[in-house]
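# Observations on the model geometry
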Amino acid sequence: VANKKYIHGFTKKERQRLLDQGELLASLVYPGVELGKCRSILEVGSGVGAQTLQLLKRFPKAHVTCIEHSEEQLKTARLKLERPLREGRVTLIHASAERMPLKSKAFDGVFVCWLLEHVPAPVAVLKEIRRVLKKDGSLFIREVFNQLWYADPPNPKLTAYWQSFNDCQLKLGGDPYVGVKLGGLLKDVGFKEIEIEFRSQLFDRRDRVKRAAMMNYWRDLFLSGQNASPAMKKQIRTQFETLKKDPSGSLFFGFVAGQARM
Ligand SMILES: C[S@@+](CC[C@H](N)C(=O)[O-])C[C@H]1O[C@@H](n2cnc3c(N)ncnc32)[C@H](O)[C@@H]1O
């Protein structure tokens, strides 16, 4: 059963946000995801299928199995993945990442994106992933490290709100800083050849179109927080508008790209 205390919630707006995010961040997320030789890929915490669409496009020879514990997310995923479902290229499973109804050593590769930040016991999830990977299988994982967010000129209101978002996520049992822990967690669980890379991006006036798209993206991510009161939401909108109008306004953020083998 899905955790109703999930920081982003399961609204229609949030489901669309995930789909847009999949497209917008793909050029940052997918470099280094080497699943081209895989016949069977497992995606854990697949949400509405935003990353599944990317995986199917990028790895046309693979069958993708998805694990997601929210029926609401899966409903959208079924619509978005209608064609690949019909073609037998994807299987959607309603289950928890901590206890996946899957055979051991069944997958060539596993992909995980923005999941562990929402999970109270990431070790339990990583153990399950290790169990279902084949002997030479690889895991590719993308996780947040929310300390790496900065808007310039410094914006105390947005910074304070971001802190309260992250505090709320911690209170809900998630971890907005899981990225820095990822390497250690993978080692504890027994993974080998662990690689952890911090990827960061700066959006500024060199490319105004991209800068605006990223500012809108972050505005919507901030607004998705369960901690945001109506007054806070109004403030978030105003502050992002100000940032967007400032010709020298910049936005920086980073996340963690990890990989490991069995
Ligand atoms: C931020 S979304 C990311 C979804 C997808 N990976 C993407 O990038 O679009 C996290 C997803 O993980 C799911 N989730 C959280 N905890 C889970 C768990 N323990 N087992 C399975 N799914 C989980 C949530 O319901 C949500 O759909």
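This text gives an overview of the structure that appears in the document.

What counts and what doesn't
Residues numbered from 1 in each chain as written. Predicted model: local features only at pLDDT ≥ 70, side-chain atom pairs only at ≥ 80, totals over all residues. Heavy atoms only, no water. Helix = DSSP H or I, 4+ residues; strand = E, 2+ residues; numbered from the N terminus. Expected span 1.5 Å × (residues − 1). Buried < 20%, exposed > 50% of the residue type's maximum accessible area, 1.4 Å probe, protein only. Contact = heavy atoms within 4.5 Å. Near = heavy atom within 4 Å. Polar contact = N/O pair within 3.5 Å; in protein donor to acceptor, adjacent residues only side chain to side chain. Areas by Shrake-Rupley, 256 points an atom, 1.4 Å probe, with all protein chains shown as cover. 1 Å grid on protein atoms, 1.4 Å probe; cavity = no way out; pocket = protein on both sides within 12 Å on 5 of 7 lines; lining within 4 Å. Sits in = over half its atoms within 2 Å of the grid points. Nonpolar A, V, L, I, M, F, W, Y, C, P; charged D, E, K, R; others polar. Core = buried A, V, L, I, M, F, W, Y, C linked by side-chain atoms within 4.5 Å. Axes fitted to C-alpha atoms, helices over the stretch in contact; angles between N-to-C directions. Parallel < 35°, antiparallel > 145°, perpendicular 65-115°, else oblique. Left-handed = near helix turned anticlockwise from the far one by under 90°.

### Focus: helix α1 (residues 12-24)
- Over its 13 residues, α1 extends 18 Å from the first C-alpha to the last, a length consistent with the 18 Å expected when each residue adds 1.5 Å.
- The complete set of buried residues in α1 reads Glu 14, Arg 15, Arg 17, Leu 18, Leu 19, Gln 21 and Gly 22.
- Residues of α1 that are buried in the fold lie against α2 (26-29), α3 (50-58), α4 (71-80) and α9 (208-223).

### So, the site of the ligand
- Near the ligand there are 20 residues, and of these Gly 45, Glu 68, Ala 97, Glu 98 and Cys 113 occur at the shortest range.
- Here an oxygen atom of the ligand sits 2.6 Å away from a polar atom, N or O, in the side chain of Glu 68.
- His 69 is positioned with one of its backbone polar atoms (N or O) 3.3 Å from a nitrogen atom of the ligand.
- Here the ligand, which alone exposes 590 Å², has 98% of that area covered by the protein.
- Of the pockets mapped on this structure, the ligand occupies the largest pocket.
- Counted by class, the shell around the ligand contains 9 nonpolar, 9 polar and 2 charged residues.

### Thoughts on the nonpolar core
- Ranked by size, the top nonpolar core spans 48 residues in total, and within it Leu 35, Phe 111, Trp 149, Trp 218, Phe 222, Phe 240 and Phe 253 carry the most contacts.
- Looking at which element gives the most residues to this core, the answer is α9, with 7 residues.
- Setting aside anything within four residues of it in sequence, one finds Trp 218 in contact with Trp 149, Trp 162, Phe 240, Leu 251 and Phe 253.
- Counting residues in each nonpolar core, the second largest holds 31 residues, with Ile 67, Ala 95, Val 125 and Tyr 177 among its members.

### A short note on the packing of helix α7 (residues 156-171) against helix α10 (residues 230-245)
- Where α7 contacts α10, the two axes come as close as 10 Å, and the packing angle between them is 135°. The angle between α7 and α10 falls in the class oblique. Between α7 and α10 lies a crossing whose hand is left-handed. For the pair α7 and α10, contact is made by Lys 157, Leu 158, Tyr 161 and Ser 164 and by Met 232, Gln 235, Ile 236, Gln 239 and Phe 240, respectively.
- Across the contact of α7 with α10, the residue classes break down as 5 nonpolar, 3 polar and 1 charged.

Interpretation in functional terms is not warranted from these geometric data alone.
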